Amino acid sequence: MRIRVLGTAQDEGIPRLDCECNQCSAGIVRHGPAIAVESNEKTILVDAPPDVKQTIGLTTVDCILLTHAHVGHYGGLFYFGREGYDAERKPLHCSERMATWLRDGNKAYHHLVARENVELCPFVPDEPFELGGLTCHPISVPHRNEDADTVGFRFEENDSSLTYIPDIDYWTQKAERAVRKSDIALVDGTFYSMAEVGGRNVPHPTIPETMERFEGCETDLYFTHLNHTNPVADSSTPEYRTVVERGFEVVSDLQVFSLKYV
Ligand SMILES: [Zn+2]
Ligand SMILES: [Zn+2]
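Per chain, residue numbering runs from 1 following the sequence as it is written. Each chain gets a letter, beginning with A, and each ligand a number, beginning with 1, in the order they are written. Selection of residues for local features in this predicted model requires a pLDDT of at least 70, selection of side-chain atom pairs for listing and counting requires 80 or more, and totals for whole chains, interfaces and linings are taken over all residues. Water and hydrogen atoms play no part in the side-chain values, which are based on all heavy atoms of the structure.

Going by what an unreviewed UniProt entry lists, the protein chain is known as Pyrroloquinoline quinone biosynthesis protein B and is assigned to Haladaptatus litoreus.

Visitor: Can you help me understand the overall build of the protein chain in this one?
Guide: In DSSP terms, a helix is any run of H or I states spanning at least four residues, a strand is any run of E spanning at least two, and both are numbered starting from the N terminus. Check the secondary structure of the protein chain and you find eight helices and 14 strands. Since a compact globule built from 262 residues should have a radius of gyration of about 18 Å, the 17 Å found for the protein chain is in line with a globular shape. For the protein chain, the C-alpha atoms occupy an extent of roughly 50 × 45 × 35 Å along the three principal directions. Between buried and exposed lies partly exposed: a residue is buried under 20% and exposed over 50% of the maximum accessible area for its type, with that area taken using a 1.4 Å probe on protein chains only. Counting over 262 residues, the protein chain shows a buried share of 59%. With C-alpha atoms as the basis for the radius of gyration, the globule rule is written as 2.2 Å multiplied by the number of residues raised to the power 0.38.

Visitor: Teacher, can you tell me more about the sheet that holds strand β13 (residues 249–250) here?
Guide: The strands making up a sheet associate through backbone hydrogen bonding, with each pair oriented either parallel or antiparallel. Pairing in this open sheet of seven strands is mixed, and the strands run β7-β8-β9-β10-β11-β12-β13 from one edge to the other. Edge positions in the sheet fall to β7 (129–131) and β13, since each of these pairs with one other strand and no more. A pair of strands is labelled paired if DSSP reports no fewer than 2 bridges between them. Of the strand pairs in this sheet, strand β11 (residues 184–188) and strand β12 (residues 220–224) are connected by five bridges, and their pairing is parallel. Bridged to V187 within β12 is F223. Should any heavy atoms of two residues lie within 4.5 Å, those residues are counted as being in contact. Axes here mean lines fitted to C-alpha atoms, for a helix over just the part in contact, with angles spanning 0 to 180 degrees between N-to-C directions. Here helix α6 (residues 173–181) sits on the sheet in contact with β8 (134–140), β9 (151–157), β10 (160–165), β11 and β12, set at roughly 140° to β10.

Visitor: How should the pairing of strand β2 (residues 34–38) be read in this particular structure?
Guide: Look at any regular strand and the pattern is simple: side chains alternate between the two faces of the sheet. The buried count for β2 comes to five of five residues, which makes it a mostly enclosed element. Along β2, one buried face is formed by A34, A36 and E38 and the opposite face, lined by I35 and V37, is buried too. Pairing between strand β1 (residues 2–7) and β2: five bridges, direction antiparallel. Each bridged residue has a counterpart across the sheet, and for G7 the counterpart in β2 is A34. Strand direction decides the pairing type here: β2 and strand β3 (residues 43–46), joined by four bridges, are antiparallel. Paired with A36 across the two strands is L45, which belongs to β3. Taken together, β2 and the strand that follows it, β3, pair antiparallel across an intervening segment of four residues.

Visitor: Mind showing me how you'd approach the nonpolar core here?
Guide: Within this scheme, the nonpolar core is defined by two criteria: the residues are buried Ala, Val, Leu, Ile, Met, Phe, Trp, Tyr or Cys, and they are joined through side-chain atoms within 4.5 Å. By size, the foremost hydrophobic cluster in this structure holds 29 residues, and its most contacted members are W171, V179, F223, V232 and V243. When residues of this core are traced back to their parent elements, those giving at least two are α6, β11, α7 (207–213), β12 and α8 (238–245). Ranked by residue count, the leading element in this core is α6, at three residues. Once residues lying within four places of it in the same chain are set aside, the contact partners of V243 are Y192, I207, M211, F223, V232, F248, E249 and V250. With 27 residues, the next largest nonpolar core counts L45, L77, L112 and V118 among its residues.

Visitor: I keep staring at α6 and nothing clicks. Help me out?
Guide: An α-helical turn contains 3.6 residues, so a residue and the one three or four places further along point in the same direction. What α6 keeps buried is the set A175, E176, A178 and V179. Buried residues of α6, viewed axially, fall in a sector of 160°; they line one side. Turned more than 90 degrees away from the buried face of α6, the exposed residues are Q173 and K181. Directions from the helix axis toward the C-beta atoms define the arc.

Visitor: How should I be thinking about the sheet that holds strand β5 (residues 90–95) in this particular structure?
Guide: Read from one edge of the open sheet, seven strands run β6-β5-β4-β3-β2-β1-β14, paired in mixed fashion. Taken across any chain shown, the strands that pair with only one partner, and hence form the sheet edges, are β6 (118–123) and β14 (256–258). Ignoring strand direction, the axes of neighbouring strands in this sheet form an average angle of 20°. Summarising the sheet, β3 and strand β4 (residues 63–65) pair through three bridges and their orientation is parallel.

Visitor: Even after reading the chapter, I still don't get the coordination of the zinc ion (ligand 1), so can you show me in this structure?
Guide: Note on metal geometry: ideal angles are 109.5 degrees for four donors arranged tetrahedrally and 90 or 180 degrees for six donors arranged octahedrally. Coordination shells were defined by N, O and S atoms within 2.8 Å of each metal, extended to 3.2 Å for Na, K and Ca; water is absent from the atom set, which can make sites look incomplete. All of the protein donors around the zinc ion (ligand 1) are D11 (OD), H73 (NE2), D167 (OD) and H225 (NE2); their distances to the metal are 2.1 Å. Here the zinc ion (ligand 1) binds four donor atoms, and the angle range of 85 to 176° at the metal identifies the geometry as irregular. A relative accessible area of 14% places D11 in the buried class. A site with four donors is called tetrahedral when every donor-metal-donor angle falls between 85 and 135 degrees; four donors are called square planar, and six octahedral, when opposite donors sit more than 155 degrees apart and all other angles fall between 65 and 115; any other arrangement is irregular.

Visitor: Looking at this structure, how should I read the packing of aromatic side chains?
Guide: Given two aromatic rings, one states the distance between the centres and the angle between the planes to describe the pair. Think of it this way: a Phe, Tyr or Trp ring, Trp meaning its six-membered ring, pairs with another when their centres are within 6.5 Å, and the plane angle makes it stacked under 30 degrees, edge-to-face over 60, tilted otherwise. Taken as a whole and assessed by the stated rule, the structure comprises ten aromatic pairs. One aromatic cluster is present, built from ring pairs that chain together F123, F129, F153 and F155.

Visitor: Looking at this structure, I do not really get the coordination of the zinc ion (ligand 2). What am I missing?
Guide: Protein coordination at the zinc ion (ligand 2): the donors are C19 (SG), C21 (SG), C24 (SG) and H228 (ND1), at 2.1 to 2.3 Å from the metal. One can describe the site at the zinc ion (ligand 2) as tetrahedral: its four donor atoms subtend angles covering 102 to 117° at the metal. When the donor residues of the zinc ion (ligand 2) are listed from N- to C-terminus, their spacing reads C-x1-C-x2-C-x203-H. Pair noted here: C24 is in helix α1 (residues 22–25) and H228 is in the loop between β12 and α8, with a separation of 204 residues, a long-range link.

So, in structure tokens, the structure goes:
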């Protein structure tokens, strides 16, 4: 299994429109959150942020997996529709609630379903299923769920696995177990500190909280889904150095991971 990281910013990407924060004004560019998982059989696109086309390039996507119903994670589905690639029944794996919402609740994206550009293939959160020769474990996680529900994924091949949890409000035992079981985990690193949002209590675990929780854990843990305000988006900051010194990593756009049994 090979994992190609497509984007590592929070939903909108970095820079934010008309923003003068340190990262945006320093010219940092990170794309919206997505990865491509490549097995021997299939290339699986996990989430489709609005700017996914810029990082996925000419890759043929065999199927799509979605984590949740926030537009920064599915807005790029539009490229599979009439205005773009005009796919024919591209398998789209998501929870039943997400599938119902795409089919019946989302006027803009319902056309993809009605025109059969995508074929909805619902999974049951927390029940593993086979996909392209891999076992895919959808892990239900707490997150702001106005329209559907939210999952992360653990992809398993023989005895190696990778967990991807871009958005989580707080760590649950289930999500923590998935990370600890994995060789590599890419997890929610949206904020380094709530000072980035004026001290408001935005529901994401901060990077220091997550580092404390996983101190000494054998999994290679990488932070992703970085907000434009997050100093670790810039590798020259003291916060970035702290992450590395404590044995964690910040993932980069287009970084590639190969797990055994490729
Ligand atoms: Zn997000
Ligand atoms: Zn900014």
